[in-house]
Amino acid sequence: MDRAIDVPEPLPLATDQGPVNDYDRFAEAYSAENENSLVNASYERPAMLALAGDVAGRRILDAGCGSGPLSAALLGRGAVVTGIDVSAGMLALAGRRLGDDVDLHVADLRERLPFADGSFDDVVASLVLHYLEDWAPALAELRRVLRPGGRLIASVEHPFVAYTFQDPRPDYFATTSYTFTWTFDGQSAPMKFWRKPLHAMTEAFTAAGFRLAAIDEPQPDPAARELFPDAFHDLATRPTFLFFVLEVPLAAGTGDQRLGSVRSAPGAPGDRGADCTSRRAGRSS
């Protein structure tokens, strides 16, 4: 859903702020802030596009598309894009941005998606999975709608960062929730995310039938240093998001379906290169 404006502050929730994660209520304000923010526009979206590589002609599902900034970028690179989001308000904004060029659907990742098996070459899930306590139903559906050889490209809150959003520290190895308040354009929005340890994330992917091709911790766009001189150094020197590229095996029982090596980002679909370490282990939607 391309969902993080900044690393959230763990503030207590006011009882009169309404339901958590209610993007319909603050869609306009969120979208405006998200459009050009350092974390979204100069870090998370460029990283997702770099991992996607050459997408010309590829059928891509933007799972949690929000108001459509990532869909628009993929469309501009020649992809055939379909967008889904649980928020009708965010999809209305996406429709304004994208017009008839992208097919948009209100859909919940925890339920069956309105697509046939193998409908897409790629799925992008931008800062979406950490809204879910249980990843299994969503990953099973994303796996189903991908063709053999297709890819899931996902970004999530970095588990090392999520671990710090509480004092005293939670059990790192448990799946636990944390709540906080986002404030933008005078609006306060109560939010709730779910933190998982890294091993639980990778196990969820492999249990759903994916092969892990890459884990990435990219740097923000260097051009953002002049635009955000105070915040850039902080973003460039600590973990923020974690990025995954997952592949669907070409055929059941074919190839090595075990956990893949940690690799740097592929330059283009099918370009897997030699095994190597992730770009940086402690860096960085």
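For the structure, see preceding data.
Rules behind the numbers
- Residues numbered from 1 in each chain as written.
- Predicted model: local features only at pLDDT ≥ 70, side-chain atom pairs only at ≥ 80, totals over all residues.
- Heavy atoms only, no water.
- Buried < 20%, exposed > 50% of the residue type's maximum accessible area, 1.4 Å probe, protein only.
- Helix = DSSP H or I, 4+ residues; strand = E, 2+ residues; numbered from the N terminus.
- Pairing = 2+ DSSP bridges.
- Phe/Tyr/Trp six-rings, centres within 6.5 Å; stacked < 30°, edge-to-face > 60°.
- Axes fitted to C-alpha atoms, helices over the stretch in contact; angles between N-to-C directions.
- Contact = heavy atoms within 4.5 Å.
- 1 Å grid on protein atoms, 1.4 Å probe; cavity = no way out; pocket = protein on both sides within 12 Å on 5 of 7 lines; lining within 4 Å.
- Points joined across faces, edges and corners; volume = space filled by probe spheres on them.
- Nonpolar A, V, L, I, M, F, W, Y, C, P; charged D, E, K, R; others polar.
- Polar contact = N/O pair within 3.5 Å; in protein donor to acceptor, adjacent residues only side chain to side chain.

Draft legend 1. Region of interest: the pairing of strand β2 (residues 80–85). Across the six residues of β2, five count as buried, placing the element largely inside the fold. Looking at chain direction, strand β1 (residues 59–63) and β2 are connected through five bridges and run parallel. Paired with leucine 61 across the two strands is threonine 82, which belongs to β2. Across four bridges, β2 lies against strand β3 (residues 103–106) in parallel orientation.

Draft legend 2. Here's a closer look at the packing of aromatic side chains. This model, assessed by the stated rule, comprises 18 aromatic pairs. With 5.1 Å between their ring centres and 85° between their planes, phenylalanine 115 and phenylalanine 120 make a pair best called edge-to-face. With a relative accessible area of 4%, phenylalanine 120 lands in the buried category. Relative to tyrosine 172, the ring of phenylalanine 160 lies with its centre 6.4 Å away and its plane at 45°, an arrangement referred to as tilted. Here tyrosine 172 lies in the loop between α6 (159–162) and β6 (176–184) and phenylalanine 160 lies in helix α6, a separation of 12 residues in the sequence. With a relative accessible area of 41%, phenylalanine 160 lands in the partly exposed category.

Draft legend 3. Main features of helix α7 (residues 198–207). Within the sequence span of α7, burial applies to Ala200, Met201, Thr202 and Phe205. One or two positions beyond α7, positive phi appears at glycine 209, with a value near 100°.

Draft legend 4. Here's a closer look at the sheet that holds strand β9 (residues 241–247). With respect to topology, seven strands assemble into an open sheet ordered β3-β2-β1-β4-β5-β9-β8, the strand pairing being mixed. Of all strands in the sheet, those bounded by a partner on one side alone are β3 and β8 (211–216). Taking each pair of neighbouring strands and ignoring which way they run, the sheet shows an average axis angle of 15°. Bridging between strand β4 (residues 120–126) and strand β5 (residues 146–157) involves six bridges; their strand directions are parallel. For valine 124, the partnering residue across the bridge sits in β5 and is isoleucine 153. The strands touched by helix α5 (residues 136–145) within the sheet are β1, β4 and β5, with β5 carrying the most contacts at an inclination of about 145°.

Draft legend 5. Fine view of empty space enclosed by the protein. The calculated volume of the largest cavity comes to roughly 40 Å³. Surrounding the largest cavity, His130, Trp135, Val156, Glu157, Pro159, Ala162, Tyr178, Trp194, Arg195, Lys196 and Met201 form its lining. When contributions to the lining of the largest cavity are tallied by element, the ones reaching two or more residues are β5, α6 and β7 (187–195). Of the residues contributing to the lining of the largest cavity, the split by class is seven nonpolar, one polar and three charged.

Draft legend 6. Representation of the layout of surface pockets within the structure. Volume-wise, the largest pocket comes out at about 470 Å³. If you go around the largest pocket, you meet 21 residues; those closest to its centre are Asn21, Val86, Arg110, Tyr131 and Leu132. Elements that contribute at least two residues to the lining of the largest pocket include exactly α1 (23–36) and β2. Residues that form the lining of the largest pocket fall into these classes: 11 nonpolar, three polar and seven charged.

Draft legend 7. A look at the side chain of histidine 130. Tracing the backbone shows histidine 130 in the loop between β4 and α5. Here the side chain of histidine 130 touches leucine 127 through a polar contact of 3.5 Å, landing on its backbone oxygen.

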